[in-house]
Amino acid sequence: MQIKQASLCHRVSHGMRWVSHVLPGCARSDLYRICRAWTASVLLAIAAFGLISPRLAWGDATLPGLISRSKPAVVLVGSYGLLDAPRFGFRGTGFAVGDGMQVITNAHVLPPLETGRIDRSVAIQAWTSEGGWVLRGARIAKVDASQDLALLQIDDGRPLPTLRLAEQEAAEGEMIALIGFPIGGALGFSHVTHRGIVSARTAIVQPASGPQGLNERAVRQLRQGSFEVLQLDATAYPGNSGGPVINVATGEVVGVVSMVAIKASHESALTAPSGISYAIPVRNVRSFLSEAGNAGR
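### Examining the packing of aromatic side chains
The description of an aromatic ring pair uses the distance of the two centres, along with the angle that the planes make with each other. Within the structure shown, the criterion is met by 5 aromatic pairs. Both rings, one in Phe88 and one in Phe189, keep their centres 6.4 Å apart while their planes meet at 80°; by these two values the pair is edge-to-face. Of this pair, Phe88 sits in strand 2 (residues 88-97) while Phe189 sits in the loop between strand 8 (175-180) and strand 9 (192-204), placing them 101 residues apart in sequence. Residue Phe88 is classed as buried on the basis of its relative accessible area of 12%. On the basis of relative accessibility, which here comes to 30%, the residue Phe189 falls in the partly exposed class. Taking 5.1 Å as the distance between ring centres and 70° as the angle between the ring planes, the aromatic pair formed by Trp127 and Trp133 counts as edge-to-face.

Below, the structure is given as structure tokens:
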């Protein structure tokens, strides 16, 4: 719903005539101030009831601008193999941080290690300003399977545009956007955005990916119990894993998409999505990057 300026002016003019009738003897400047305050109160009441909330919360100056600015930092994460067909195997989403040569993603997005496959390596694809995907080689700098986080290092080429990590934790009810590549390349690789809110800050236990994931830290965490994650009402799909959860108001990353609640089998995530997704909070990401920086010194 949009209220045109001309319509507002007509109502103010009408209101001034009404006030002058009720309050005879008022100066014109006083009449104008009274009517302007009345008009502002009406607009605030309309906004409070959500009648013009699409422009306030998701209007052209907010969400579309956020998407346009953020997409160049969101990348495809997968593997590159000379003997593979296709050579790039998509695994999930990631996003550039820091100096533009580092990419955050999920630990479970990383391609599995295969003995004897020296031709296969981790790789990303980044969107260029010319409007195409470019393949970039990367190496694994740090992995924390217990938090489902991984850091990739790009060694060559120009830095990527980056996303900024939020200083404050996401609050329940905060409006967020997910940018990633749901359903992989089934329909061609294209950035897709879903919007929603932080539904809850809830406790969860991250399962080990296998026997190799049961390291000392993972076992200690299982003994200590669960850790906090963000529950989102935005639907994520296979391919969204590792993508950023962005605060719409600030444009800052408040989490990393990690898991999707499924109703039955993994196939039901596509045919009958639950509408519930989970993300690793930004404080975990900051701690993870801090540890990676200390380890590199």
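### With respect to the nonpolar core
Counting residues in hydrophobic clusters, the biggest one holds 31 residues, and the most contacted among them are Phe95, Ile104, Leu163, Leu165, Val285 and Leu289. Examining the composition of this core, we find that 5 residues originate from one element, helix 7 (residues 282-295), more than from any other. Counting residues in hydrophobic clusters, the runner-up holds 15 residues, among them Val75, Ala96, Val103 and Leu110.

### Focus: the pairing of strand 4 (residues 120-127)
Summarising the sheet, strand 1 (residues 74-81) and strand 4 pair through 6 bridges and their orientation is antiparallel. Among the inter-strand pairings, Tyr80 is bridged to a residue of strand 4, identified as Ser121. Of the pairings in the sheet, the one linking strand 4 to strand 5 (residues 133-137) comprises 5 bridges and is antiparallel in character. Counted as the bridge partner of Trp127 is Trp133 from strand 5. Between strand 4 and strand 5, which pair antiparallel and follow one another directly, the connecting turn spans 5 residues, one of which, Gly131, has a positive phi of 90°.

### Notes on the confidence of the model for the protein
On average, residues of the protein score 77 in pLDDT, and 64% of them are at 70 or above. Looking over the protein, one finds the lowest element-wise mean pLDDT in helix 3 (residues 53-58), namely 36, and the highest in strand 3 (residues 102-105), namely 98. The low-confidence segment residues 1-12, where pLDDT is below 50, has 10 contacts with residues more than four positions distant or belonging to other chains. When the criterion is pLDDT under 50, residues 42-60 qualifies, and its contacts beyond four places in sequence or with other chains add up to 26 contacts.

### As for the pattern of salt bridges
Applying the stated criterion across every chain, the model contains 9 salt bridges. Ionic pairing is found between Arg283 and Glu228, a salt bridge with its closest N-O pair at 3.0 Å. Linking Arg283 in helix 7 with Glu228 in strand 10 (residues 227-232), this pair joins segments that are 55 residues apart in sequence. Residue class for Arg283 comes out partly exposed when judged on its relative accessible area of 39%.

### Comments concerning unusual backbone geometry
Of note, the bond from Ala85 into Pro86 is cis; its omega dihedral lies within 30 degrees of zero at 0°. Counting through the fold element by element, Pro86 comes out in the loop between strand 1 and strand 2.

### Section: the environment of Met101
Along the polypeptide, Met101 turns up in the loop between strand 2 and strand 3. Aside from chain neighbours lying at most four places away, what touches Met101 is Arg136, Leu152, Gln153, Ile154, Asp155, Asp156, Gly157, Arg158 and Pro159.

### A few points about helix 4 (residues 63-70)
Among the residues making up helix 4, those that are buried are Leu63, Gly65, Leu66 and Ser70. Down the axis of helix 4, the smallest arc covering the buried residues is 160°, so these residues share one side.

### Looking at the sheet that holds strand 1
Pairing in this open sheet of 7 strands is antiparallel, and the strands run 5-4-1-2-3-7-6 from one edge to the other. The open sheet is flanked by strand 5 and strand 6 (139-144), the only strands paired with a single partner. Here the strands of the sheet are splayed against their neighbours by 35° on average, with no regard to which way each runs.

What counts and how
- Residues numbered from 1 in each chain as written.
- Predicted model: local features only at pLDDT ≥ 70, side-chain atom pairs only at ≥ 80, totals over all residues.
- Heavy atoms only, no water.
- Phe/Tyr/Trp six-rings, centres within 6.5 Å; stacked < 30°, edge-to-face > 60°.
- Helix = DSSP H or I, 4+ residues; strand = E, 2+ residues; numbered from the N terminus.
- Buried < 20%, exposed > 50% of the residue type's maximum accessible area, 1.4 Å probe, protein only.
- Core = buried A, V, L, I, M, F, W, Y, C linked by side-chain atoms within 4.5 Å.
- Pairing = 2+ DSSP bridges.
- pLDDT = per-residue confidence, 0-100.
- Contact = heavy atoms within 4.5 Å.
- Salt bridge = Lys/Arg side-chain N within 4 Å of Asp/Glu carboxyl O.
- Arc of directions from axis to C-beta.
- Axes fitted to C-alpha atoms, helices over the stretch in contact; angles between N-to-C directions.

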